[in-house]
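Coordinate inspection notes
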Amino acid sequence: MHKQRKKPLAINEFNLLVGRIIARKYEIVSKLGSGWEGEVYKIREVNTGIERAAKLFYPHRNLHNKALKFYARKLHKLHHCDIIIQYHTQEELIYKKQKVAVLISEYVEGELLSAFLNDQPRKRLEPFQAIHLLNTLAKGMEEIHNLGEYHGDLHTDNIIVRRYGLGFDLKIIDVFHWSTPKRQNIQDDICDL
């Protein structure tokens, strides 16, 4: 008789406590956010003190590790693009008797563009700054598009402002992943800009 594989139970939140050790080598520093696929935490390597980001995938949203593999491969493919966070490795932990896939990446200091804009007078940038921000974002997206890839979900909560002045230093996060890149995806990115 063929043994059926059990479908993972739906986990809709982890809410890991600050100080918890995961994968026997990372300490939870803070929760950065959550979404449909999982939660993202700021972590610290126990042995080195280096801060990283950890995306924990809800098991029912990451069947056969498809979502994690996609993210890892896409981030690796785009690792020369300055606007993309850098992938480091993958880990696994057990949460409520289920295996949970964890993607470890670069931790980026900064603030979300949405919060940055809310702090501006009248919640908008002066034209000079706005043009420089748009130029930086467009150049970063051009690097991604030239590699035949796309972001797919570009908005102010997926852009981190690291530094600004005469120019901007930006990082984009949370790349969309459920379709093969098509011309329409790239055009949608341009419209979202």
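It should be noted that the structure appears before, not after, this text.
What this report covers is the structure whose coordinates are included nearby. Only a predicted model underlies this, so the values are computations on that prediction, with no experimental measurement involved.

Basis of the calculations
- Residues numbered from 1 in each chain as written.
- Predicted model: local features only at pLDDT ≥ 70, side-chain atom pairs only at ≥ 80, totals over all residues.
- Heavy atoms only, no water.
- Core = buried A, V, L, I, M, F, W, Y, C linked by side-chain atoms within 4.5 Å.
- Buried < 20%, exposed > 50% of the residue type's maximum accessible area, 1.4 Å probe, protein only.
- Helix = DSSP H or I, 4+ residues; strand = E, 2+ residues; numbered from the N terminus.
- Contact = heavy atoms within 4.5 Å.
- Pairing = 2+ DSSP bridges.
- Axes fitted to C-alpha atoms, helices over the stretch in contact; angles between N-to-C directions.

1. Topic: the nonpolar core
Ile84, Ile144, Leu170 and Ile172 are the most contacted members of the largest nonpolar core, which totals 29 residues. Of all the elements, helix H1 (residues 66-77) adds the most residues to this core, at five residues. Ile84 has contacts with Leu75, Leu78, Glu106, Ile144, Lys171 and Ile172, leaving out every residue within four places of it along the chain. Ile11, Tyr41, Val102 and Ile104 belong to the second-largest nonpolar core, a separate cluster that totals 16 residues.

2. Considerations on unusual backbone geometry
Phi is positive for Asn15, which is not a glycine, with a value near 45°. Residue class for Asn15 comes out partly exposed when judged on its relative accessible area of 38%. Its identity is not glycine, yet Arg122 carries a phi of approximately 60°, on the positive side. With a relative accessible area of 64%, Arg122 lands in the exposed category.

3. Thoughts on the sheet that holds strand S9 (residues 168-172)
Read across the sheet, three strands follow the order S7-S8-S9 without closing on themselves; strand pairing throughout is antiparallel. Lying at the two open borders of the sheet, with one neighbouring strand each, are strand S7 (111-112) and S9. Two elements, S7 and strand S8 (residues 159-164), share two bridges in a ladder whose sense is antiparallel. Looking at the pairing, Leu112 lines up with Ile160 of S8. Against the sheet, helix H3 (residues 127-146) makes contact with S8 and S9, and its axis sits at roughly 45° relative to S9, the strand it touches most.

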